[in-house]
Structures are given as structure tokens and as C-alpha cells.
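Spelled out, the chains give:
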Amino acid sequence: MQERGERLSDSRAAAGDRWLYGAARLLEGKGALAGLVLAYPVRDVATQAALERVKAELHKPALLLSVDAGQTKWPDLARFARSLGAEG
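Below is a short write-up of the structure. Since the model is a prediction, treat every value here as computed from it, not as a measurement.

**A short note on the pairing of strand β1 (residues 36-41)**
- Side chains L36, L38 and Y40 project from β1 onto a buried face, and the interleaved V37, A39 and P41 project onto a face without burial.
- Note that β1 and strand β2 (residues 62-67) share 6 bridges and pair parallel. Across the sheet, the residue bridging to V37 is L63, located in β2.
- Crossover β1 to β2 through helix α3 (residues 45-56) is right-handed.

Structure below.
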């Protein structure tokens, strides 16, 4: 992951961003994977910003999903799954 993370071209990226990017690129390389869900706590703007930088450099579709305590409905996730061809 560290090696892949070094390929993140965003000059604002911190070391943690590079680890996130490396992990996402590792997963992205799996052929059976149609897309990625990048989840972050709803009020965590630092993690959201890092994941936005990571998403910008991915090749496969990715959804940034904010998660709030007690949340039980995920309409964005359902739409994303349908866009990738999931049924239901």
C-alpha cells in the first residue's frame, strides 16, 4: 500500500492520504470490484477532504458516503449500487 500510495499526485496530500490512496488503489486493482465506497463520519471534514483527493485519482467509480450515528437509510448507497448494475 505504501508503494502505491506514493503515486498520489496531489501536492496537498499528507502521509495518511497516501495510505488511504494506496489501499484504495490496491482494492481498485481487483477485477471483480465494480466500484468503491469511501465512508467518513459526517462531521469529519479532514477525512472527507482526504477521501475527496483520493477519489479524484481513482479510475473506478467511487462514492463518498457520510455516515452519521444512528443512520439507518442509505439512499446514495442504493443509487450507487444500482448504477453499478446491482439489483434490488
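**Let's talk about α3**
- The end-to-end C-alpha separation of α3 is 16 Å, in line with the 16 Å expected for 12 residues at 1.5 Å each.
- Regarding α3, the residues found buried are A50, L51, R53 and V54. All buried residues of α3 lie within an arc of 155° about the axis, which places them on one face of the element. Of the residues in α3, the exposed ones pointing more than 90 degrees away from the buried face are V45 and A56.

Definitions and cut-offs
Counting from 1, residues in each chain are numbered in the order their sequence is written. Local features in this predicted model are restricted to residues whose pLDDT is 70 or higher, and side-chain atom pairs enter the listing and the counts only when it is 80 or higher, whereas totals over whole chains, interfaces and linings include all residues. Working from all heavy atoms in the structure, the side-chain values ignore hydrogens and water. Three exposure classes are used, based on accessible area relative to the maximum for each residue type with a 1.4 Å probe and protein chains only: buried under 20%, partly exposed in between, and exposed over 50%. Secondary structure follows DSSP: runs of H or I at least 4 residues long count as helices, runs of E at least 2 residues long count as strands, and numbering of each begins at the N terminus. For two strands to be treated as a pair, DSSP must find no fewer than two bridges joining them. Here, the term right-handed applies to a crossover whose path from the first strand over the helix to the second runs clockwise when the strands point away from the viewer. Residue count minus one, scaled by 1.5 Å, sets the expected span of a helix. What the arc describes is the spread of directions from the helix axis to the C-beta atoms.

Geometry only, nothing functional implied.
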